[in-house]
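Structure at a glance
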Amino acid sequence: MFSTETNRYYDQNSTRRKLDKKSAKFFDVTVDELKKWFGLIILMGIIKKPRMDDY
């Protein structure tokens, strides 16, 4: 459900965003990608690193 709604939200709001050369191109989000992202967010709350690049 999260991936479906994320992709739908982008489709509904993509015309409002200003695209430039620095913007990354959007690709549909998959369930596996969201699981990895949520897992990383949880681990970042548990394991503290001094810099973002360390994650």
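Under an unreviewed UniProt entry, the protein chain has the name PiggyBac transposable element-derived protein domain-containing protein and belongs to Eufriesea mexicana.

Right, let's talk about the pattern of salt bridges for a bit. Summed over the entire model, instances satisfying the criterion amount to two salt bridges. The residue Arg 8 makes a salt bridge to Glu 5 at a minimum N-O spacing of 3.2 Å. Taken together, the residues span about one helical turn, with Arg 8 and Glu 5 both in helix H1 (residues 2–13) at a distance of three residues. Look at Arg 8 and you get partly exposed, because its relative accessible area is 41%. When its relative accessible area of 38% is taken as the criterion, Glu 5 is described as partly exposed.

Right, let's get into H1. Helix length check: H1, at twelve residues, gives a terminal C-alpha distance of 16 Å against a target of 16 Å (1.5 Å per residue), a fit within 8%. All buried positions along H1 are accounted for by Ser 3, Asn 7 and Asn 13. Around the axis of H1, the buried residues are gathered within 145° of arc, so they sit on the same side. More than 90 degrees from the buried face of H1, the exposed residues found are Tyr 9 and Gln 12. Buried residues in H1 make contact with helix H2 (31–46).

Further remarks concern the side chain of Ser 3. Counting through the fold element by element, Ser 3 comes out in helix H1. Judged by its relative accessible area of 11%, Ser 3 is buried. In contact with Ser 3, other than residues within four places in its own chain, are Val 29, Thr 30, Val 31 and Leu 34.

The next thing to look at is the packing of aromatic side chains. All chains considered together, the criterion is met by three aromatic pairs. An angle of 65° between the planes, with centres 5.8 Å apart, marks the rings of Phe 2 and Phe 38 as edge-to-face. Of the two residues, Phe 2 is situated in helix H1 and Phe 38 in helix H2; the sequence distance between them amounts to 36 residues. A relative accessible area of 38% means that Phe 38 is categorised as partly exposed. Aromatic side chains Trp 37 and Phe 38 sit 5.2 Å apart centroid to centroid with 65° between the ring planes, which places their arrangement in the edge-to-face category. Pairwise contacts between aromatic rings join Phe 2, Trp 37 and Phe 38 into one cluster.

Criteria and thresholds
Counting restarts for each chain: residues are numbered from 1 in the order of the written sequence. Confidence filtering applies because this is a predicted model: local features only for residues at pLDDT of at least 70, side-chain atom pairs given and counted only at 80 or more, and all residues used for totals across whole chains, interfaces and linings. Side-chain numbers here rest on the full set of heavy atoms in the structure, without hydrogens or water. Salt bridges are defined by distance alone: a side-chain nitrogen of Lys or Arg within 4 Å of a carboxyl oxygen of Asp or Glu. Each helix corresponds to a stretch of at least 4 residues labelled H or I by DSSP, and each strand to a stretch of at least 2 residues labelled E; elements are numbered beginning at the N terminus. With a 1.4 Å probe rolled over the protein chains alone, any residue whose accessible area is under 20% of its type maximum counts as buried; one over 50% counts as exposed, and the rest are partly exposed. In this scheme, a helix's expected span is set at 1.5 Å multiplied by one less than its residue total. The arc in question is the one spanned by the directions pointing from the helix axis to the C-beta atoms. The contact rule is simple, with two residues in contact once any of their heavy atoms fall within 4.5 Å. In this analysis, rings of Phe, Tyr and Trp, with Trp reduced to its six-membered ring, are considered paired at centre separations within 6.5 Å, and the interplanar angle assigns stacked below 30 degrees, edge-to-face beyond 60, and tilted for intermediate values.

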